Amino acid sequence: MKFLKLALVLFVFQTQAQQGGMWIPSLLKGMNETEMKSLGMKISAKDIYDANQSSLKDAVPQFDGGCTAEVISDKGLILTNHHCGFDAIQNHSTVEHDYLRDGFWAYKMEDELTNPNMTVMFVVRIEDVTTKVMEGITTLATEAEKQKKIQDNISSLSNSLPKESWQENKIRTFYDGNQYLLFVTETFKDIRFVGAPPSSIGKFGSDTDNWVWPRHTGDFSLFRIYADKNNHPAAYSADNVPYKPKKFFPISTSGVKENDFTMVMGYPGRTQEYLPSVAVNQIVETLNPAKIEVRDAALKVQDRFMRKDQAIKIQYASKYAGVANYWKKWMGETKGLKKANAVAAKQKFEKQFQEKVIQVGKQAEYGNLLSDFEKNYAEIKDYALARDYFTEVALRNTEILSVGYKLYQLEQLLASKGEQSFNDRKNTLSKGIDDFYKDYNAEVDKNVFEQLIQLYAAKSPKQFLPESLLNVDASQLTNAIFSNSKLTSLNAFRELLEGDSKTVIEKINNDNGYQLIKAMANAYTSKVAPTYDALNLKNIATQRTYMKAILELFPNQRNFPDANSTLRVTYGKVKGYEPNDAVYYEPFTTLDGVMEKYIPGDYEFDVPKKLIELYQTKDYGTYGVNGKMPVCFIATNHTTGGNSGSPALDANGNLIGLNFDRVWEGTMSDIFYSPDICRNIMVDARFVLFIIDKFAGAQNIINELKLVQTTKKK
Ligand code: ARG
Ligand code: GLU
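Residues numbered from 1 in each chain as written. Chains lettered and ligands numbered in written order. Predicted model: local features only at pLDDT ≥ 70, side-chain atom pairs only at ≥ 80, totals over all residues. Heavy atoms only, no water.

A closer look at the pattern of salt bridges
Scanning the entire structure with this criterion turns up 37 salt bridges. The shortest N-O distance in the salt bridge between Arg 101 and Asp 102 comes to 3.0 Å. Owing to a relative accessible area of 44%, Arg 101 belongs among the partly exposed residues under this scheme. Between Asp 111 and Lys 108 there is a salt bridge, with its nearest N and O atoms 3.2 Å apart. Asp 111 sits in the partly exposed class, given a relative accessible area of 30%. Residue Lys 108 is classed as partly exposed on the basis of its relative accessible area, which comes to 43%. Each of Lys 329, Glu 333, Arg 662 and Asp 670 takes part in one network of salt bridges that share partners. (Salt bridge = Lys/Arg side-chain N within 4 Å of Asp/Glu carboxyl O. Buried < 20%, exposed > 50% of the residue type's maximum accessible area, 1.4 Å probe, protein only.)

See below:
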């Protein structure tokens, strides 16, 4: 009897530990709903997603293409991360009105700031369209023909499937092409900036604390959706009115405790949970280290300039943060994959897989998948490495090369599509170019250039380098380019673009900066890309069959589809973790920790005076708990990039915080999730309320919200 009980406890513990997964909201009934309830959820799958009635998903839009937001009032007010609103906040900032430094609050709706091009997208409903998308492919002979037919089916279905005139049909693939779902969406285009704390709160800890727990960042900002008089999406107009949502989240002021149920809804971008061991090994040993080294060099230079010049700091803040973000993530990921022995764990699964294939007699269909992977990944290695170097050095981190590459594409376009396309592209290019040079500093770029060209020549696979970079003297090349090239300033760049196509092509080809990027791009497109693309296509096809086999042969495994920027639900429990031997991290942080980290005047760890006063007087209003102000917390929710700004919900579906990061030791969860160490990081909703109310004094915003208390205050 006792033994049985123990076995039962062990079983329950097993299923509770077995978390992870990003699930499709319309398919939670069954296994997920049961599991969620066993973890403590009080609401039902139907409360989360319902095609016919308002449900939680109606309050969770994608924010500006790459993040998530949540609706928190009946007047279209939305909450997302500070780092998601960062570009917009930067765009509204100048050295005189620095909203990044000082924060911004609209104390009345008229003060809200418009953001050209910003969008917010809601999912109206989700439908399985797999059979329709797959129609007519079985008779086709080659993989390429099948893929073409699928693409044709997708575009004709997107046009023909029913939707309202203001909506869009989007068909997305799941399980690497084994399932297709239709998302009917609505995209709002008049989004106004409502408020954000200063960076010393919204980005407190900055890059030092990024991806790190314990964390003390108030990473939030507020926007408002405006709609036309029919409550439909419309371009910006002074006549637009605040959007009336189908659903908005009440905010809990009670918080959560360790082991409480939490769930996160949002738009995770990309994961690769079903990669074979050989691919994971390549990421750990070859690709991540290369990308990290390039970014490391670029960031060191930018940091040096940003620390001594406020104007450069504003110019480079957003770029730097973007580059630093994945630089640091890859380091954590590499370390985590090694520590968790992900390659060995994958190998173990592959052994089981191979046995299972034989057991069910599917050798003909699935028997060669793993050896195909092995062969392909060995062949693609140098090409993949050269591709990463080209992307990181030329397209991502050296600014004149990246802008020069746009001219390269322009020249290619003239050759392939002719005069008209050339002129159209030239016009778009010259329209967007002001924005580029507004944040460009040639001195910074020159120093980055020298470092990265050196690295490129030394480390990118030699057999693919252009002639001009073999045995190059990097400092000589740098001086030659930065004293002559017209790519280094807005006016010179404009001059290059003047004239008809023939003149432009002649001028750019006389520019030594352009000559370099052209040589690099030509070498890349002729020697690397064709083979890379062919091998990559093989890997994609093998991965699709491998995924199909896993679904078929291991149906009881938790097979969630990889992230693909579509709406997902992930759930788990509030939990601390043990990053290293003898070290345990608690799941909650408080304002005390902000003050422990405080370094007066430091650009990462300064604290606003007002916040220090509130801390000293313990003026926490109703948001504090036992004399302390909660700031952040962690849980076992399986999240990734794109989940930034996602609502964190309690067992009743009330908002308890917003997701903004993961812990360093667990960033490998994009490839290999482990419930022991993978944690998502959320700002506590009470900290958000405290900052809006006590720090900013924005009562107008507090009055719009619906606050609920689910437990008695002690
Ligand atoms: N790591 C988080 C994410 O992936 C936050 C990034 C922004 N913050 C920063 N310090 N760069 O987006
Ligand atoms: N900060 C990430 C984002 O921008 C979310 C953190 C993660 O990657 O888990 O989406």
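Some points on the packing of aromatic side chains
A complete count under the given rule lists 33 aromatic pairs for this structure. Centre to centre, the rings of Phe 436 and Tyr 437 are 4.8 Å apart; their planes meet at 90°, and the pair counts as edge-to-face. Given the relative accessible area of 21%, Phe 436 is considered partly exposed. Residue Tyr 437 is classed as buried on the basis of its relative accessible area of 7%. Linked through ring pairs, Phe 349, Phe 353, Phe 373, Tyr 377, Tyr 546 and Phe 554 together constitute an aromatic cluster. Taking NZ or CZ as reference, Lys 291 lies 4.1 Å from the ring centre of Trp 330, over its face. It is Lys 319 that lies over the ring of Tyr 316; its NZ or CZ is 3.9 Å from the centre. (Phe/Tyr/Trp six-rings, centres within 6.5 Å; stacked < 30°, edge-to-face > 60°. Lys NZ or Arg CZ within 6 Å of the ring centre and 35° of its normal.)

Describing the state of the cysteines
Applying the stated rule across the entire model yields one disulfide. Across the disulfide, Cys 67 is cross-linked to Cys 84 (sulfur-sulfur distance 2.1 Å). One quick way to see it: the torsion about the S-S bond of Cys 67 and Cys 84 is about -80°, and its sign makes the bridge left-handed. One end of the pair, Cys 67, is in strand 2 (residues 67-68); the other, Cys 84, is in helix 4 (residues 82-91), with 17 residues separating them in the sequence. Residue class for Cys 67 comes out buried when judged on its relative accessible area of 12%. Of the cysteine sulfurs around Cys 632, a residue in no disulfide, the closest is that of Cys 84, at 15 Å. Take Cys 678: it sits in no disulfide, and the sulfur closest to it among the cysteines is that of Cys 632, at 19 Å. On the accessibility criterion, Cys 678 (2% relative accessible area) is buried. (Disulfide = S-S within 2.5 Å. Helix = DSSP H or I, 4+ residues; strand = E, 2+ residues; numbered from the N terminus.)

A closer look at the site of ligand 2
Around ligand 2 sit His 83, Trp 211, Thr 639, Thr 640, Gly 641, Gly 642, Asn 643, Ser 644, Phe 660, Asp 661 and Arg 662, and those are all the residues in its vicinity. Here an oxygen atom of ligand 2 sits 2.9 Å away from a polar atom, N or O, in the main chain of Gly 641. Phe 660 places a main-chain nitrogen or oxygen 2.9 Å from a nitrogen atom of ligand 2. Here the shell around ligand 2 takes three residues from strand 19 (residues 655-662), the largest share from any one element. For the shell around ligand 2, the residue count by class is two nonpolar, seven polar and two charged. (Near = heavy atom within 4 Å. Polar contact = N/O pair within 3.5 Å; in protein donor to acceptor, adjacent residues only side chain to side chain. Nonpolar A, V, L, I, M, F, W, Y, C, P; charged D, E, K, R; others polar.)

Regarding the nonpolar core
Counting 199 residues, the largest nonpolar core has Met 263 and Phe 353 as the members making the most contacts within it. In terms of residues, this core owes the most to one element, helix 21 (residues 512-553), which gives 15 residues. When neighbours within four sequence positions are excluded, Met 263 is seen to be in contact with Met 36, Met 41, Ile 43, Ile 48, Leu 56, Val 569, Thr 570, Tyr 571, Asn 637, Pro 647, Ala 648 and Leu 649. Counting residues in hydrophobic clusters, the runner-up holds twelve residues, among them Val 124, Ile 154, Tyr 180 and Val 184. (Core = buried A, V, L, I, M, F, W, Y, C linked by side-chain atoms within 4.5 Å. Contact = heavy atoms within 4.5 Å.)

Some thoughts on the pairing of strand 4 (residues 77-80)
Along any regular strand, the residues point their side chains to alternate faces of the sheet. Where burial is concerned, the two faces of strand 4 agree: the one with Leu 77 and Leu 79 and the one with Ile 78 and Thr 80 are both buried. Direction of pairing for strand 3 (residues 70-71) relative to strand 4: antiparallel, over a ladder of two bridges. The residue bridging Val 71 from the neighbouring strand is Ile 78, located in strand 4. Counting the residues in the hairpin turn of strand 3 and strand 4 gives five residues, including Gly 76, whose phi is positive at 70°. Here strand 4 pairs with strand 11 (residues 221-227) via four bridges, running antiparallel. Bridge pairing in strand 11 places Ile 78 opposite Phe 223. (Pairing = 2+ DSSP bridges.)

Regarding helix 19 (residues 490-497)
Given 3.6 residues per helical turn, the α-helix brings residues three or four places apart onto the same face. Those residues of helix 19 that sit buried are Ala 492, Phe 493, Leu 496 and Leu 497. All buried residues of helix 19 fall inside an arc of 145° around its axis, so they share one side. Looking at the packing, one finds that the buried side of helix 19 touches helix 15 (399-417), helix 16 (419-438) and helix 20 (501-509). Gly 499 sits one or two residues past helix 19 and shows a positive phi near 105°. (Arc of directions from axis to C-beta.)

Brief notes about the confidence of the model for the protein
Scored by pLDDT, the protein comes out at a mean of 95, with 97% of its residues at no less than 70. Note that pLDDT drops below 50 for residues 1-17; the model gives that stretch five contacts with residues more than four away or on any other chain. (pLDDT = per-residue confidence, 0-100.)

Observations concerning the site of ligand 1
Near ligand 1 you find His 83, Lys 203, Ser 206, Asp 207, Asn 210, Trp 211, Ala 321, Asn 325, Ser 644, Phe 660 and Asp 661, and these make up its full shell. Taking Ser 206, its main chain carries an N or O atom lying 3.4 Å from a nitrogen atom of ligand 1. A distance of 2.8 Å is found between a nitrogen atom of ligand 1 and a side-chain nitrogen or oxygen belonging to Asn 325. Protein contact buries 90% of the 340 Å² of open area that ligand 1 shows by itself. (Areas by Shrake-Rupley, 256 points an atom, 1.4 Å probe, with all protein chains shown as cover.)

Description of the sheet that holds strand 7 (residues 120-128)
Pairing is antiparallel in the open sheet, where five strands are placed in the order 2-1-7-9-8. Edge positions in the open sheet fall to strand 2 and strand 8 (167-174), since each of these has one partner strand only. When strand 8 meets strand 9 (residues 179-188), the two strands line up antiparallel, connected through eight bridges. Bridge pairing in strand 9 places Gln 167 opposite Glu 186.

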